[in-house]
Amino acid sequence: MTDDLIDGLYREGAPIRDTKAPSGPIEQRWSKRQFEAKLVNPANRRKLSVIVVGTGLAGGAAAATLGEQGYQVSAFCYQDSPRRAHSIAAQGGMNAAKNYKGDGDSVYRLFYDTVKGGDYRARESNVYRLAEVSSNIIDQCVAQGVPFAREYGGLLDNRSFGGVQVSRTFYARGQTGQQLLIGAYQALQRQVAEGTVTMYSRHEMLELIVVDGRARGIIVRDMVSGEVETHLADAVVLATGGYGNVFFLSTNAMGCNVTATWRAHRKGAYFGNPCFTQIHPTCIPVAGEHQSKLTLMSESLRNDGRIWVPKKAEDRNKDPRQIPEEDRDYYLERIYPAFGNLVPRDIASRAAKYQCDAGKGVGPGGLGVYLDFSEVIGRVGRDTVSARYGNLFDMYKQITGEDPYEVPMRIYPAVHYTMGGLWVDYDLQSSIPGLFVAGEANFSDHGANRLGASALMQGLSDGYFVLPNTIRDYLASGPYPAVDESAPEVVEAKKSVTSRIEQFLNSKGTRTVDSYHRELGHIMWEYCGMSRNREGLLTAVDRIRTLRKEYWSNVKVLGENEQINQSLERAGRVADFLELGELMCIDALHRRESCGGHFREESQTEDGEAERRDEEFAYAAAWEWGGEDSSPVLHKEDLVYEFIELKQRSYK
C-alpha cells in the first residue's frame, strides 16, 4: 500500500479490461472495426436522434457528418455562433502523413512520433488510427475550399513542428484553425438548411440525463432568456474542448470550461488522466496581476525563430540587440542538437523555466526568453518572413508594442491544451453507454504530451471519420424506448440545475466569482503546473478543499436568471473547476513518475529530464466520481505496447 492511499485521498477500483480495440496487425484494426460495427439502414437513420454538444472542429464536423448520413441531430453551443468556437484560435497547422516533402514521412512515422511525443502514455490502436485517417482530413478540407498554403508550383506546402524531424504540417498562414472551422461550419450549415441538424446557439449544457444506465439527453440553460430546457435523444456526443482554464490564466478563450464533461463525470463517466495538461513554450509572458488571459504565439514560429537567453545574468535587462552573439546561449540548440528549437512542448517549456530559475530570464519579473528572427530575416528577407508569419507578428506588436521584425519576441510557457479528458474506448464511447466524447474533451490520443499541430488533426479525425463510423454500432440497437420529460431521472436532472441556479443567486457572499477563480489558478500553477512534488500537491488539495468550502458560503453572484447573466454562467463553471482542480492534484499525486507534461520532481534524471517508471505506471488512469463526501475511485487501463518499444525519450 502506497503512502498516497494511506492519506485516504482515493480508492482503487476494478481495472479496465476491454477497450473494444480490435486485435491483429495494427494497420488492419481500423478497417476491421469499421466492418464489424453494425450498420443502420438509411430509412432507420431518420428515426434516430443524436445530441451534439460543442460545435468546434470535432463537434461541428460530427454534427455535419451525422446529419448528412440522415440522423436527426440537435447541436448546441454556448457561443452566439459555431464560428466562435475556440478551434478558431488554432494558428500553426495540422499534421497529416502525406510525405509531400519526400523526407521519409509515413503513417507509421506519424504514429511513432505521436506515441513517443506523448511519452508512451497513449493507447497504440487509437494513435495509429489517427495517423491513418490524417491524409483523408486534408483531402476533405481541400474539397471544402480550405485555403492551405501552397508552394510556387501549386502543391500544398508543409512545415515542421516540435518533436519531429519531417515536414508534415499543413497550414493556412497563422490562421489554420479559423479556416478549418469555416470549412466545418459551412458543412454544418448545409445540414441545418437541409433540416437534418437543428442548431441551438447561446445554450449551455448544465446536466446529463442518464436513464436505465444510458445517456439519453441533456439539461441546458438558454443563456439569453434564462429558461432551463430539456432535450432528449438516443445518444449524446460531447465535443466541448479542454479544461485549461482551471489555471485561470491560459491561452484558452475565457469562456472555455469543463462543465459539460464534469457533469457527465459526476453521472458516472470516468475521467482519464486529468493531470496531463500541456504547457506551451511559445506564449506572450504575463504582463500584470490583473491580466485575465494569455496569448499564444504559434509553435510554427520555432521553425525560423531561434530561442536564447543571455549567458550572463547581468545582461538580462540589456537591449537584446546590444548583446553580442558570443554572449547569447541558444540553449535548445546546445542541449538538444538533433531537434534544436523544435523539441516537444513539454521539453521546451521546462528548459525555459530552468533558464529563468537560473536568473537569466528577460523582461518584467525575469519570466521570459527571446525568440529571435534576425537570422532568418537576414537570410531570406523580411517579405518572405512576413508571408509566413505576418499576422502573428502583427498580433504580437499590437499586444506588446514591440516590433518583432526589429526586436526579438519575448516568450514564456503557459497553460494551453489538456491531454486528459473523459475516458473513452476505441469507439469514443465513455463508460456511460450512449455517451460519446470527441476531440480535446476525451483523453484518447495524445498521452502525456500533445505534439504540435495534432489538435486540429484529432478534432477533425474524430468528427468526420471516426465517430460517424463507431456510433452507428450503438445506434443500430435503437431507437431506444422513448423517454418522457416526466421520467424521474429527467425531473431529477432538471431540478438539480434549477436548485443550483437558485443557490447561486440567493448567495449573500462578499467575494466575486473571478476572485475565487484567480486564487484557484494561483494554487494550480504553483503546485500542479510545470513541475509537481508530493508536498506541494498535498498542500494544493488541502487549499482547494478549503477554498471550495468558502466558495459555496461566500461567493457573490449578481443579476437574475431571466436575462443574460455572465456572473451566473461563470459561477457554475468555477464551481466545477474547483472540483476538477482537486482531482487533477490527486491524479498528479498518485502518479509518482515524470512523463511528458507531468513532471514530478522526485522522478528525474541527473540532467533534469523526465524519468518514467513503466513498471508501475504504464497505464491510463480512469477516475470514477466517488460521491460528494467520498474519495474518487481509480480504475487502471494497462497500456500494452506491441508495435513500439518502450524506452526513455531522447531528443538529443
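Only a predicted model underlies this, so the values are computations on that prediction, with no experimental measurement involved.

Chemist: Outline the domain arrangement of the chain, supporting the account with residue identities and numerical values.
Modeler: Assigned domains of the chain: these are domain 1 (26-279 + 417-476), domain 2 (281-416) and domain 3 (488-617). On a C-alpha basis, the centroid separation for the pair domain 2 and domain 3 is 31 Å. At the junction of the two partners, domain 2 supplies 12 residues and domain 3 supplies 11 residues. Interface of domain 2 and domain 3: buried area, both sides summed, is about 930 Å²; carbon and sulfur atoms make up 51% of it. On the surface where domain 2 and domain 3 come into contact, there are 0 salt bridges. Here domain 2 and domain 3 share 6 residue pairs in polar contact (both at pLDDT 80 or more) between them. For the side of domain 2 that touches domain 3, the secondary-structure elements that each account for two or more residues are α10 (345-357) and β16 (409-418). Here the side of domain 2 that touches domain 3 takes 5 residues from α10, the largest share from any one element.

Chemist: Lay out unusual backbone geometry with the relevant residues and their values.
Modeler: Going from Gly 478 to Pro 479, the amide bond is cis rather than trans, its omega being -5°. At Lys 20, a residue that is not glycine, the phi angle is positive and equals roughly 70°. Inspection of the secondary structure puts Lys 20 in the loop between β1 (11-12) and α2 (29-36). Positive phi values are uncommon outside glycine, yet Asp 119 reaches one of about 55°. On the secondary structure map, Asp 119 appears in the loop between α5 (107-117) and α6 (124-144). Taking the relative accessible area as the measure of exposure, Asp 119 reaches 2% and is therefore buried.

Chemist: Mind laying out the side chain of Ser 167, listing which residues take part and the relevant values?
Modeler: Looking at the secondary structure, you find Ser 167 in the loop between α6 and β5 (169-170). The class for Ser 167 is buried, based on a relative accessible area of 16%. Within polar-contact distance, the side chain of Ser 167 engages the side chain of Ser 160 at 3.0 Å.

Chemist: Go over the pairing of strand β9 (residues 228-232) with me, naming the residues and quoting the values.
Modeler: Within β9, 4 of the 5 residues are buried, which leaves the element mostly enclosed by the surrounding structure. Two strands pair when backbone bridges link them, and strand β8 (residues 214-222) and β9 are joined in this way by 5 bridges, in the antiparallel orientation. Across the sheet, Ile 218 pairs through a bridge with His 231, a residue of β9. Joining the antiparallel neighbours β8 and β9 is a turn of 5 residues, in which Gly 226 adopts a positive phi near 85°.

Chemist: Which residues make up the packing of aromatic side chains, and what values do they have?
Modeler: Summed over the entire model, instances satisfying the criterion amount to 27 aromatic pairs. For the ring pair Phe 76 and Tyr 200, a centre distance of 4.6 Å and an interplane angle of 5° mean the geometry is stacked. Of this pair, Phe 76 sits in strand β3 (residues 72-76) while Tyr 200 sits in strand β6 (residues 197-200), and the two are 124 residues apart along the sequence. A ring pair is formed by Tyr 243 and Phe 271, whose centres lie 5.6 Å apart and whose planes are at 65°; its orientation type is edge-to-face. Linking Tyr 243 in the loop between β10 (235-238) and α8 (259-266) with Phe 271 in strand β11 (residues 271-272), this pair joins segments that are 28 residues apart in sequence. Per residue, the accessibility class of Tyr 243 equals that of Phe 271, and both read buried. Here a set of aromatic residues connected by ring pairs shows up, and it is made of Tyr 243, Trp 262, Phe 271 and Trp 625. In this structure, Arg 450 packs its charged tip against the face of Tyr 417, placed 4.1 Å from the ring centre. Directly above the ring of Tyr 516 sits Arg 511, whose terminal nitrogen or CZ lies 3.9 Å from the centroid.

Chemist: Give a description of helix α16 (residues 534-554) that names residues and reports values.
Modeler: Here α16 is 21 residues long and its end C-alpha atoms lie 30 Å apart, about the 30 Å a rise of 1.5 Å per residue gives. Along α16, the residues classified as buried are Gly 536, Leu 537, Ala 540, Val 541, Ile 544, Leu 547, Tyr 551 and Asn 554. Here α16 starts with a cap whose side-chain oxygen sits 3.3 Å from the backbone nitrogen of Glu 535, and that cap is Asn 533.

Chemist: Describe in detail the nonpolar core, supporting the description with residues and values.
Modeler: One finds Leu 208 and Tyr 551 to be the most contacted residues of the largest nonpolar core, which totals 180 residues. Of all the elements, helix α17 (residues 566-590) adds the most residues to this core, at 13 residues. Residues in contact with Tyr 551, not counting those within four places in the same chain, are Phe 504, Val 513, Tyr 516, Arg 570, Ala 571, Val 574, Ala 575 and Leu 578. Ile 323, Tyr 330, Val 362 and Tyr 370 belong to the second-largest nonpolar core, a separate cluster that totals 5 residues.

Chemist: Quick one: what's the story with the sheet that holds β1, residue by residue and with numbers?
Modeler: Taken in spatial order, the 5 strands of this open sheet run β1-β22-β21-β11-β17, and their pairing is mixed. Single-partner strands in this sheet number two, and they are β1 and β17 (421-422). Sheet topology places β1 next to strand β22 (residues 633-638); 2 bridges connect them, and they run parallel. Bridge pairing in β22 places Glu 12 opposite Leu 634. Lying over the sheet, α17 contacts β11, β21 (619-624) and β22, oriented at roughly 145° with respect to β21.

Chemist: If you had to explain the packing of α2 against α6 to someone new, which residues and values would you point to?
Modeler: At their nearest, the axes of α2 and α6 sit 9 Å apart, and the two run at 95° to each other. When the interaxial angle is binned, α2 and α6 end up roughly perpendicular. Residues Arg 29, Trp 30 and Ser 31 of α2 lie in contact with α6, whose contacting residues are Ser 125, Arg 129, Glu 132 and Val 133.

Calculation criteria
- Residues numbered from 1 in each chain as written.
- Predicted model: local features only at pLDDT ≥ 70, side-chain atom pairs only at ≥ 80, totals over all residues.
- Heavy atoms only, no water.
- Domains from an automatic or database assignment.
- Contact = heavy atoms within 4.5 Å.
- Buried area = accessible area lost by both parts, 1.4 Å probe.
- Salt bridge = Lys/Arg side-chain N within 4 Å of Asp/Glu carboxyl O.
- Polar contact = N/O pair within 3.5 Å; in protein donor to acceptor, adjacent residues only side chain to side chain.
- Helix = DSSP H or I, 4+ residues; strand = E, 2+ residues; numbered from the N terminus.
- Buried < 20%, exposed > 50% of the residue type's maximum accessible area, 1.4 Å probe, protein only.
- Pairing = 2+ DSSP bridges.
- Phe/Tyr/Trp six-rings, centres within 6.5 Å; stacked < 30°, edge-to-face > 60°.
- Lys NZ or Arg CZ within 6 Å of the ring centre and 35° of its normal.
- Expected span 1.5 Å × (residues − 1).
- Core = buried A, V, L, I, M, F, W, Y, C linked by side-chain atoms within 4.5 Å.
- Axes fitted to C-alpha atoms, helices over the stretch in contact; angles between N-to-C directions.
- Parallel < 35°, antiparallel > 145°, perpendicular 65-115°, else oblique.

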